[in-house]
Amino acid sequence: MKAKLFLTQYDRRINLVGSLILITLILVTGIFVYTTMHRQSVRLLDMSLETLSQQAAQLLNSQIQAMVSDTKSISARFSLIDALQQINSQQGETDAIEKLEQYVNALLHNGFNSISIYDYAGNNVVQAGPTSQELTESLSFELESAMITLWWNERYIQRIQMEVFDHNGQQIGYIVTEKNQSLLTQSLYEIGAIGESGEFMLCTPWREDRLKMECFLMNAASVQFRRLSRVLADKALPMDYALRGESGVVTTGDYRQIRVVAAHTPVGEYGLGLVVKIDEEELYQPITARAKEIFFYIILLMVMALLLLNWQLMPLVRKLVRSEQEIEKVNANLHRSKEIIERNLSELTHYNEAVGKLALVSVADQKGLIIQANSKFCEVSGYNEEELIGQDHRILNSGIHPKVFWTEMWRTVSLGDTWHAEVCNRTKGGELYWVDTTIVPLRDSSGRIYRYLSVRVDISARKQKELSLCQQLKESNCLQLIRQAMDSELSVSKLCQHILAHLTAAVQYPEIASAKIELAGEQFVTDNYVEVFAQRLSAEIIVNGNNIGELQLGYLESKLFWLPEEQNLIDIIANDLGRWYERKLADQRISYLATHDNLTGLPNWHLLQDRIAQAIAHAGRHRKRAAILFIDLDRFKIINDSLGHEMGDLLLKETGIRLRSCVRAEDTVARQGGDEFVVLLQGISDHQSAGAVAKKILEAIKQPYPIGGKKLHIGCSIGIAVFPDDGENADILLKNSDIAMYHAKEIGRNNYQFFTADMNQQIMERHLLETDLRRAAERKEFQLYFQPVIDMPEQKLKSMEALLRWKHPKLGSVPPSKFILLAEETGMIISIGEWVLKEACLQIKAWQERGYQVPRVAINLSARQFRCKTLVADITRILNETGVSPSSLTLEITESMLIQNVDEAVEILTQLRLMGFELSIDDFGTGYSSLGYLKFYPINILKIDRSFIQNIVSEPNDAAIIAAILAMAKTLKVAVIAEGVETQEQVTFLTQQGCNRYQGFYFSEPLTAEELESKLCASQ
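Residues numbered from 1 in each chain as written. Predicted model: local features only at pLDDT ≥ 70, side-chain atom pairs only at ≥ 80, totals over all residues. Heavy atoms only, no water.

## Some points on the overall build of the protein
So, step 1. The secondary structure content of the protein amounts to 29 helices and 39 strands.
So, step 2. Taking all 1020 residues of the protein together, 44% fall into the buried category.
So, step 3. Carbon and sulfur atoms form 52% of the exposed surface of the protein, whose accessible area is close to 53,200 Å². (Helix = DSSP H or I, 4+ residues; strand = E, 2+ residues; numbered from the N terminus. Buried < 20%, exposed > 50% of the residue type's maximum accessible area, 1.4 Å probe, protein only. Areas by Shrake-Rupley, 256 points an atom, 1.4 Å probe, with all protein chains shown as cover.)

In structure tokens:
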């Protein structure tokens, strides 16, 4: 009895301790496995969600950038800019609109729904394609000078409004483009359908309240536009992180206050945020469900282990402590153990059957020939068991894995180790499928391998998703690398090689991929390129609507492409390459315009400086000379002003052609600006060579120009500076040749002059005179003189002209012909003219306050004053400051000032006439104007130039001109004043012709204000 009690207690102790140890080990192992699987699964799900959000952001960013780039490219086209300028100026508006419509309609083939062009006033001048009605529920943001709008109307629609600038950077209108983003819509639909609670959000801060946001919410069922708060219950929503420029994955409450796992990322630099989210419960439900299965198997394992423990240990304990009398009990226990084993074997059989329904199981002999295959193996492979028996596994080879893959497999199993890998096989019908494969070598009792057990699990669905995601990542990385290369300064050849390298690396089978780019007549290929491919894809390269090349991608072996992804990839690359090449052509055009004159096509000032520097360096090395010929056209301004700028432009173009014909190919002809040209002669031996070219140019320029049905005649003045005699750098040579050119003009024009040191002295004197002139007013060196205008025959003081005199402290009285022209050239004539007007008004006011009846005083307006936009305002201000009425003044302008812009001149003169001024044309007859123009101007007085008066007694032509002017003036009811009258014979002739107003030394020299006061006393 005691022995039995001892046995029972010992038995129970062994059972208890063994069971506790076994249960603990199993639980710890199970929990560890579950925790590791759970952590890895959660991390994988989070990474997948984050990858989806980043891909969506990259796709959206690329779509926006591509459309902005396309729109910017359109807005920078010269044809668009020129047409808008014509429309804004209303010159050829109908033709410009028609051309613009043709141009815009051609651009619709680039994928735009519609393109709208607006002029500077906001008028829609051209509309191509149907424009969607923009909904109020939309997202808008700015990028550089573009306004970008996204809204939903059964798909995402993107609209860009961008300003259009002319070549001077002035806005002349704007362009609006619109495009359906079908690819973006499809991709976001797929992202929004990741689960029943899966949702894609695209938001931007609300402009009226930055703590709120406007969002598009997209899921598998619908798309909504909502305005939401960025923070709820003092907690930031996932979108708030994205709008702050942060990316990542968070688990928090969303706007519904439901726990979600959300991947957030900003979109470019547009202020947009993107969130992909799914309810936490749904996302982790597969893991939770898996936990129940794992715990079930742990419990099952514990039960089996306890039974096994009881079966293994108890007989040993009983053998040690039990006596012979308990042999029957041992037998009974063995019988009971047998029943347990049979039951376990039964369960194991059912388990194997269950595994057989899920796994593909086969057994191969030592040579690898299949000797057994289960039904699942046959079902998935498409072969029946009879077709498989006796075959090796190469019958399933897909050709995807390299030979080294199978060599490693055979090496592993031959050594008796278990081999595990993911394998792509091919079915009997040719379809690919993936299996998670484990091959276990089986040994006989002698330890020799005699069988191979293969257990495979079909993972095609998972692998398909992984391969698709991997391919998308490879393609995204490929596009990113290619676009980075496009953003760098690469040549066409280097960029194409970059594209070929990145493209072949991104496809499914890079080791056998080959590619070629044909672009604008050039061909670029990979090292392994062949003309005939086993499989091939291609895409056209379009530039400015024209096909200029093709991108080809092929496999050297018969492999299937990953369609449609890889076709879409080369389409995108071809499209990007076309846009890049289009931008490069535009940059080359801009570079050309930056170094060449837009009108003549000749090198401009910047390129000329570079050419001169090169010529000087070359001449210095070879002990040669170089010459600069500075050319200014004579009488060009007269033709340009009288016949119009269009005729002037044609004349300048023809002049450039003639100049090029006078020099060698290695010489340079450049346009300095206006009517000035520069010729650079390289490698000449002496001054005579430069003189010979100058003579050739003078002869070519003076030949008639048949333009617009007219024969135009001009000349030119040429200044020559020679390296190294006249300067050792470009600036000095250009300055000295300019000085020589002005000297050529001063001695009669239509000749050439070599630079000399004396010319520098003249320039220095002119510079000193200019410096003193700038300070003359503040030093009170200016003085007004007044020359009377006499009315005959009464010899009455009718009016007087205010004349400016300069009393220089060192030079004495400086002639007006010397300093007035200098003031006009430097722009000082504006301030000097205001001084003259104000001083004359102050003197008139002083005389009036002393009781004198002061006749009108004539004030000369310079050409610069007359063109000044504030002329009328400046005159009004001076009158208000001095208290003088316009009825006391006559404003004199020259004839040439009226023909530069007839409409503007008429408008200004009309304003002055309505204010009460008398208007006079000075030096009449010398300005090359048509007498017919006079009827358009509100003129009171004509002053006949002194050059006609001097010889009227002896020169019949001058007399005839005077008679014609007087007759015309009488018809137009305009008074006439004869200037420069110095003899009685001139007075007699003019009186006979009907002229009764005179100004000149015959009647009075210019007088000071004090001297004129006596005449005022006499005339009262």
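## Looking at the sheet that holds strand β12 (residues 248–253)
So, step 1. Ordered in space as β9-β8-β7-β14-β13-β12, the 6 strands form an open sheet in which the pairing is antiparallel. Each edge of the open sheet is held by one strand with a lone partner, namely β9 (223–229) and β12. With direction set aside, neighbouring strand axes in the sheet form an average angle of 30 degrees.
So, step 2. Pairing between strand β8 (residues 209–218) and β9: 7 bridges, direction antiparallel. Note on β9: the bridge partner recorded for K212 is S229. (Pairing = 2+ DSSP bridges. Axes fitted to C-alpha atoms, helices over the stretch in contact; angles between N-to-C directions.)

## A look at the packing of aromatic side chains
So, step 1. Within this structure, the stated rule accounts for 12 aromatic pairs.
So, step 2. Here Y118 and Y174 contribute two aromatic rings whose centre-to-centre distance is 4.6 Å and whose plane-to-plane angle is 10 degrees, an arrangement assigned as stacked. With Y118 in strand β1 (residues 114–119) and Y174 in strand β6 (residues 171–180), this pair connects stretches of sequence that are 56 residues apart.
So, step 3. We classify Y118 as buried; its relative accessible area is 17%.
So, step 4. Overall, Y174 belongs to the buried group, its relative accessible area being 18%.
So, step 5. Taking 5.7 Å as the distance between ring centres and 25 degrees as the angle between the ring planes, the aromatic pair formed by Y998 and F1003 counts as stacked.
So, step 6. One aromatic cluster is present, built from ring pairs that chain together F782, W806, F819 and W835.
So, step 7. The ring of F112 carries K179 above its face, with NZ or CZ at 4.8 Å from the centroid. (Phe/Tyr/Trp six-rings, centres within 6.5 Å; stacked < 30°, edge-to-face > 60°. Lys NZ or Arg CZ within 6 Å of the ring centre and 35° of its normal.)

## Focus: helix α2 (residues 78–89)
So, step 1. In a regular helix each residue adds 1.5 Å, so 12 residues correspond to 16 Å; α2 covers 16 Å between its end C-alpha atoms and thus fits that length.
So, step 2. Among all positions of α2, only L80, I81, A83, L84 and I87 are buried. Each buried residue of α2 sits inside an arc of 165 degrees when the element is viewed along its axis, so together they form one side.
So, step 3. Of the residues one or two after α2, Q90 is the one with positive phi, at around 60 degrees. (Expected span 1.5 Å × (residues − 1). Arc of directions from axis to C-beta.)

## Regarding unusual backbone geometry
So, step 1. With omega at 5 degrees, the peptide bond leading from F723 into P724 counts as cis.
So, step 2. Checked against the element boundaries, P724 lands in the loop between β29 (715–723) and α19 (730–746).
So, step 3. Here M792 and P793 are connected by a cis peptide whose omega angle stands at 5 degrees.
So, step 4. Looking at the element boundaries, P793 is found in the loop between β31 (782–791) and β32 (796–808).

## Notes on the state of the cysteines
So, step 1. Enumeration according to the criterion identifies 1 disulfide in this entry.
So, step 2. A disulfide bridge connects C203 with C215, and the sulfur atoms are separated by 2.0 Å. Where C203 bonds to C215 through sulfur, the torsion about that S-S bond is close to 120 degrees, and the disulfide is right-handed. Placement of C203 in strand β7 (residues 199–206) and of C215 in strand β8 is noted, with a sequence separation of 12 residues between them.
So, step 3. Note on C203: relative accessible area 0%, which makes it buried.
So, step 4. The structure places no disulfide on C716, whose sulfur is separated from the nearest cysteine sulfur, that of C662, by 9.3 Å.
So, step 5. Note on C716: relative accessible area 0%, which makes it buried. (Disulfide = S-S within 2.5 Å.)

## Details of the packing of helix α24 (residues 871–882) against helix α25 (residues 902–915)
So, step 1. It is the contact of α24 with α25, at a shortest axis distance of 10 Å, that shows an interaxial angle of 20 degrees. Judged by the angle between their axes, α24 and α25 are roughly parallel. Judged by the sense of rotation from one axis to the other, the crossing of α24 with α25 is right-handed. The segment α24 lies against α25, with L871, V872, I875 and T876 engaging I908, Q911, L912 and M915.
So, step 2. Broken down by class, the residue content of the contact of α24 with α25 amounts to 6 nonpolar, 2 polar and no charged. (Parallel < 35°, antiparallel > 145°, perpendicular 65-115°, else oblique. Left-handed = near helix turned anticlockwise from the far one by under 90°. Contact = heavy atoms within 4.5 Å. Nonpolar A, V, L, I, M, F, W, Y, C, P; charged D, E, K, R; others polar.)

## Here's the deal with the pairing of strand β2 (residues 124–128)
So, step 1. Note that β1 and β2 share 4 bridges and pair antiparallel. If you follow S116 over to β2, its bridge partner there is Q127.

## Here's the deal with the pattern of salt bridges
So, step 1. Applying the stated criterion across every chain yields a total of 40 salt bridges.
So, step 2. Its salt-bridge partner being K179, residue D70 comes within 3.9 Å of it at the nearest N-O pair. With D70 in helix α1 (residues 2–75) and K179 in strand β6, the pair connects residues that are 109 residues apart, well separated along the chain. Exposure class is identical for D70 and K179. Each is buried.
So, step 3. Each of D70, K179, R483, D576 and R579 takes part in salt bridges that share partners, so that together they form one network. (Salt bridge = Lys/Arg side-chain N within 4 Å of Asp/Glu carboxyl O.)

## Overview of the nonpolar core
So, step 1. Counting 78 residues, the largest nonpolar core has L942 and L990 as the members making the most contacts within it.
So, step 2. A total of 8 residues in this core trace back to one element, the largest contributor, which is helix α22 (residues 829–849).
So, step 3. The contacts of L990, once residues within four sequence positions are left out, are I949, I952, I962, A978, V981, C995 and Y998.
So, step 4. Listed in part, the 55 residues of the second largest apolar core include L107, L139, V164 and I175. (Core = buried A, V, L, I, M, F, W, Y, C linked by side-chain atoms within 4.5 Å.)

## Observations regarding the side chain of S53
So, step 1. Assignment of secondary structure puts S53 in helix α1.
So, step 2. The class of S53 is buried, set by a relative accessible area of 0%.
So, step 3. When sequence neighbours within four positions are dropped, the list of residues in contact with S53 reads A263, T265, L274 and V276.

## Things to note about the sheet that holds strand β5 (residues 156–165)
So, step 1. As summarised here, the arrangement of the 6 strands in space is β2-β1-β6-β5-β4-β3, forming an open sheet in which the pairing is antiparallel. Looking along the sheet, the strands with just one partner apiece sit at the ends: β2 and β3 (138–143). Adjacent strand axes in the sheet meet at a mean angle of 15 degrees, parallel and antiparallel pairs treated alike.
So, step 2. In the sheet, β1 pairs with β6 via 6 bridges, with the strands oriented antiparallel. Residue S116 lies in a different strand from β6, and its bridge partner there is V176.
So, step 3. Each of β1, β2, β5 and β6 is contacted by α2, which is oriented at about 45 degrees to β1, the strand it contacts most.
So, step 4. In this fold helix α3 (residues 93–107) packs onto β1 and β2, with an angle of close to 35 degrees to the strand it touches most, β2.

## Overview of helix α13 (residues 492–506)
So, step 1. Taking 1.5 Å as the rise per residue, α13 with 15 residues should run 21 Å; its terminal C-alpha atoms sit 21 Å apart, in good agreement.
So, step 2. Within the sequence span of α13, burial applies to V492, L495, C496, I499, L500, L503, T504 and A506. Around the axis of α13, the buried residues are gathered within 155 degrees of arc, so they sit on the same side.

## Notes on the pairing of strand β26 (residues 676–684)
So, step 1. Across the 9 residues that make up β26, a large majority, 7, are buried.
So, step 2. Sheet analysis places strand β25 (residues 668–673) next to β26, joined by 5 bridges and oriented antiparallel. The partner of A670 across the bridge, within β26, is V678.
So, step 3. A loop of 2 residues connects β25 with β26, the two strands running antiparallel in sequence, and G674 in this loop sits at a positive phi of about 60 degrees.

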